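# Observations on chain architecture
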Amino acid sequence: GVLQDGAWLRHAAHANAMAARLSAGIAGVPGARLIAPTQANGVFVDLPRRTIEGLRERGWRFYVFVGETGCRFMCAWDTRVEDVDRLAGDVAALVA
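In what follows, the accompanying structure is described. (Residues numbered from 1 in each chain as written. Predicted model: local features only at pLDDT ≥ 70, side-chain atom pairs only at ≥ 80, totals over all residues. Heavy atoms only, no water.)

### Observations concerning the packing of aromatic side chains
Under the criterion given, the structure shown has 2 aromatic pairs. The aromatic ring of Phe62 is capped on one face by Arg56, whose charged end is 4.6 Å from the ring centroid. The cationic tip of Arg72 hangs over the ring face of Phe65; the distance from NZ or CZ to the ring centre is 5.6 Å. (Phe/Tyr/Trp six-rings, centres within 6.5 Å; stacked < 30°, edge-to-face > 60°. Lys NZ or Arg CZ within 6 Å of the ring centre and 35° of its normal.)

### Description of the packing of helix α1 (residues 7-27) against helix α3 (residues 81-95)
Interaxial distance between α1 and α3 falls to 9 Å at its minimum, and their mutual angle equals 25 degrees. The orientation of α1 with respect to α3, classified from their angle, is roughly parallel. The two elements α1 and α3 meet at a crossing, and its hand is right-handed. Contacts from Met18, Arg21, Leu22, Gly25 and Ile26 in α1 reach Val81, Val84, Asp85, Leu87, Ala88 and Val91 in α3. (Axes fitted to C-alpha atoms, helices over the stretch in contact; angles between N-to-C directions. Helix = DSSP H or I, 4+ residues; strand = E, 2+ residues; numbered from the N terminus. Parallel < 35°, antiparallel > 145°, perpendicular 65-115°, else oblique. Left-handed = near helix turned anticlockwise from the far one by under 90°. Contact = heavy atoms within 4.5 Å.)

### Digging into α3
Under the 1.5 Å per step criterion, the end-to-end length of α3 is 21 Å for 15 residues, consistent within 8% with the ideal 21 Å. What α3 keeps buried is the set Asp83, Val84, Leu87, Ala88, Asp90, Val91, Leu94 and Val95. Projected down its long axis, α3 carries its buried residues within an arc of 155 degrees, all on one side. The secondary structure elements touched by the buried residues of α3 are α1, α2 (49-57) and β4 (70-74). (Expected span 1.5 Å × (residues − 1). Buried < 20%, exposed > 50% of the residue type's maximum accessible area, 1.4 Å probe, protein only. Arc of directions from axis to C-beta.)

What follows is the structure, given as structure tokens:
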């Protein structure tokens with residue numbers, strides 16, 4: 001069903017848009033540094049260790065795989081705008 005009526009394109013476009021929104025929300029946060037351009041549904045950002053720990057304590061799940069502080073956040077077809085905004089807000093609050 002996902003291949004019918006362009007559903008896969010709509011889903012991919014939504015995931016990519018959510019990643020772009022997250023990237024934009026994190027880009028201006030002092031102490032958070034994007035380590036790669038956001039070109040699809042992944043956001044790659046270097047965060048302080050205390051921020052990584054704080055995000056995990058708040059229930060966020062993500063990978064740290066670029067050194068010890070390079071994080072990968074992935075967006076999907078069902079990622080909600082409010083969740084993206086809450087994650088960006090949590091990053092900003094925890095970095096401060």
